[in-house]
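Coordinates in review
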Amino acid sequence: MTNTVKSSNLGYPRLGEHREWKKLLESYWQGKIDEAQFNETAKKLRLINLKKQIEFGLDIVPVADNSNYDHVLDTIAAFNLIPTRFGSYDRPLTLDEYFAVARGNKDNVAADMTKWFNINYHYTVPEFDNTNPRLLENRWLKYWQEAKDELDINGKPVIVGPVTLIKLGKLRGEYVSASSDINQLLEQILPLYGQVFKELQAAGVTWIQLDEPTLVKVADEADVEPYRRATEYLNEVAPQLNIELQTYFDSIDPYQAVTKLPVQAIGLDFVHGHGENFDNIRKFGFPEDKILAAGIIDGHNVWTANLQEKANFTEELRTLAPKLWLQPSNTLLHVPITKKYETKASPELFGGLAFADEKVQELVALTKKLNGDDVTAIFEQNAAALEALNSSQARNNKVVQEAIQHLSQERFERDSKYAERSKKQQVSLHLPLLPTTTIGSFPQSADVRAKRAAWRKGELSDEQYNDFIESETKRWIQLQEDIDLDVLVHGEFERTDMVEYFGQKLAGFFATQNGWVQSYGSRGVRPPVIFGDVDYVEPITVKESAFAQAQTNKPVKGMLTAPLTIINWSFVRDDIPRASVQNQIALSLRQEVINLEKAGIKIIQVDEPALREGLPLKQRNWQDYLDEAIYSFKITTTGVRDETQIHTHMCYSDFEDIISTISGLDADVISIETSRSHGEIISAFEDAHYDKQIGLGVYDIHSPRIPSVAEIADNIRRGLKVIDHNQFWVNPDCGLKTRNEKQTLEALQNLEDARNLVFSEISSNE
């Protein structure tokens, strides 16, 4: 082949190898540095990220993929699409103004936030109530010029495409879907994109990456029209600027219409597309005048690619599309930065891991292979690493494998139907009307984090650390009693994360030392790595839950994370079906649930916040996923007596399509997020009869603002319009670990007072 294959990236992680970016944000929020100091340090971090990619040998380096909070928020701010409640601007936003949109302030609730497609990253939802969009700042030119001046890189600016920006946003309180609304909004914002493109072209930019991942959710050719309109316009206004139209997370259904769009390169995902993108290329071919930007390295998992298999695949792909770039399946924002700090990993596991830096190096090696360079040593090392991982003892636990094979012989249902169970639970628990509770976690204060760090370093003995956890638990039990909440929690002070903690306690998991990934803003999570067969080794939460229950006469919830959420928020082994891993986890958690009940815990919450967000992007793939979710949840929860009340929790969800699944979980009580989405979820229950108990979250925990009693009371009343008061629980949206103690106590006192206010209204009307 005479055509040269090139390596390209779609985006690089922001957090920094040691979470420098997180610390930078929080230092600014705490008033420790000013805006000038913030900008100086942020620039250093950007340049470090770019320089690393160049040194690895990457051909096409993304720029402007950095952010001060979220890339969608960056686009909102650049185009003056800021919600009108935050004011009107004719200049770039200051940092304080920018962060106010993301986090709220004393006068205004934060912009809505939800999950990015079906992964554990949160984006800021555009609210198209601003009728005066304008380009306040061409951030894409700014960061391209910085890379050019500082490192002599002709980088590839990354921008959220106009149609995706519109479809991920809300108009009149609803997500934009109507063609007329899409066309109207395109009319307003396309000229702004055009201005950006023209300025980039004038500066000498060669390529721009136009991210349009919503294309993977388009079913019909007719629905490709707004993308055609947008790309045609942009191609006309900046004809020398090459456009890479980038899709990811799934395959393209209207393949022929998409490949006809007037762009110079098309990015397709060959990892998460179920083979459908490749099938389409074999069936319909690929345009000879376009570059195929092939996403062949998994961008949201951490396993070393089989380089020989990938080379064989790309050789075949090149016969169908000779103009070829090799890329990750999506931006590397969703994986940790480097594995070099994972010194506690076994040699077999370490060799099998590939974080962002390693994935870039894999792309470079594959590109060299296709271009005829000798990479024999790299390929041999890769093959040896995969063989060692797959033959390791941890991946071959025969006891666990036999248990999975015998699942079909067991029954996973509660002893009685919900109506009968609920009567027994009321007698056992003696809960009032509109019971109040929290979702589980309390603030992870600086003292809590410092004690945990000291314990891990060996500076604090096990006994000293345990004494601290118990004292903190006891203190927060008393604080909850002082507020007069009805159902208490132990606070989860021993846990860093609701998934990571369980990964540390179950066999088959590896807890990374530095595998941080951005969730939202400065919030980083450290997903556990599921590398082997999962097995229950010892009780996980029983000691802490039993201690908390011994401090009070009120019920204390046992707090667990459900199998599907653990799967969705972990890096999961890819050598066996995900459902098998999910059921291995469920069997382990079933033993924990039974042990909690034996320890006297009468309410057990098995959180499944990731159920809705993890839905496959194409509806035709939903049912298997939902059936597997119900099955694994029931494996976990059905081993207890009728008197034990099972709770679950979900967040960031549009529930209209999965009400039957929620009911099918057969949990006695479900709590769900509603306030951040301004209550739209409540409408899901207007037409659907839900016969169990439910808590519609009545205030947003992601914002530092304190909701008033009146505000919370209004949210309760709104929920009671569609949920009977005998079924209704009062709780915040999610856990409170990211808030400080003062914010938490003030908000919870207002929650309790609001419940009492509404309770008195109900009592006076009966």
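Residues numbered from 1 in each chain as written. Predicted model: local features only at pLDDT ≥ 70, side-chain atom pairs only at ≥ 80, totals over all residues. Heavy atoms only, no water.

**Observations regarding the overall build of the chain**
- Of regular secondary structure, the chain possesses 27 helices and 23 strands.
- Whereas a compact globule of 766 residues would reach a radius of gyration of roughly 27 Å, the chain reaches 26 Å, a difference of no more than 12%.
- Overall size of the chain, expressed as C-alpha extent along the three principal axes, is 80 × 60 × 50 Å.
- For the chain, the residues scored as buried account for 61% of the 766 residues in total.
- Contacts spanning at least 24 positions in sequence make up 79% of the contacts within the chain whose residues lie at least 6 apart.
- Just so you have it, the chain exposes about 29000 Å², and 47% of that area is on carbon and sulfur atoms. (Helix = DSSP H or I, 4+ residues; strand = E, 2+ residues; numbered from the N terminus. Rg over C-alpha atoms; globule rule 2.2 N^0.38 Å. Buried < 20%, exposed > 50% of the residue type's maximum accessible area, 1.4 Å probe, protein only. Contact = heavy atoms within 4.5 Å. Areas by Shrake-Rupley, 256 points an atom, 1.4 Å probe, with all protein chains shown as cover.)

**Notes on the packing of aromatic side chains**
- The final tally for this structure, using the stated rule, is 22 aromatic pairs.
- With a centroid separation of 4.5 Å and 25° between ring planes, the pair formed by F442 and W476 is classed as stacked. Taken together, the residues span a long stretch of sequence, with F442 in the loop between α16 (418–429) and α17 (446–456) and W476 in helix α18 (residues 462–483) at a distance of 34 residues.
- With relative accessibility at 0%, the residue F442 sits in the buried group.
- Every member of this aromatic cluster is reached through a ring pair, and the members are Y28, W29, F38, Y69, Y98 and F99. (Phe/Tyr/Trp six-rings, centres within 6.5 Å; stacked < 30°, edge-to-face > 60°.)

**Overview of the environment of H430**
- Positionally, H430 belongs in the loop between α16 and α17.
- Residue H430 is classed as exposed on the basis of its relative accessible area of 63%.
- Along the sequence, H430 and V335 sit 95 residues apart, while their C-alpha atoms lie 46 Å from each other.
- Engagement of the side chain of H430 in a polar contact is seen with the backbone oxygen of V427, the distance being 2.9 Å. (Polar contact = N/O pair within 3.5 Å; in protein donor to acceptor, adjacent residues only side chain to side chain.)

**So, the sheet that holds strand β10 (residues 265–269)**
- In space, the eight strands of this open sheet follow the order β1-β12-β11-β10-β9-β8-β5-β2, with parallel pairing throughout. Where the open sheet ends on each side, the last strands, each with one partner, are β1 (6–7) and β2 (62–63).
- Across three bridges, strand β9 (residues 242–246) lies against β10 in parallel orientation. Within β10, the residue paired with E244 across the bridge is A265.
- Against the sheet, helix α5 (residues 139–151) touches β2 and β5 (156–160), its axis set at about 160° to β5. (Pairing = 2+ DSSP bridges. Axes fitted to C-alpha atoms, helices over the stretch in contact; angles between N-to-C directions.)

**Quick look at the nonpolar core**
- Of all hydrophobic cores here, the largest spans 135 residues; its most connected members are F38, F79, W116, F197 and L292.
- Sequence-distant contacts of F79, that is, excluding residues within four places in its chain, are made with P133, R134, L135, W140, L165, L192, Y193 and V196.
- With 84 residues, the next largest nonpolar core counts F442, L488, L665 and I694 among its residues. (Core = buried A, V, L, I, M, F, W, Y, C linked by side-chain atoms within 4.5 Å.)

**Observations concerning the pairing of strand β21 (residues 669–672)**
- The alternating pattern of β21 places V669 and S671 on one face and I670 and I672 on the opposite face, and all of these are buried.
- The sheet contact formed by strand β20 (residues 645–650) and β21 spans four bridges and is parallel. What sits directly across from T648, in β21, is I670.
- In terms of strand pairing, β21 meets strand β22 (residues 693–696) through four bridges, oriented parallel. Directly across from S671, in β22, lies its bridge partner G695.

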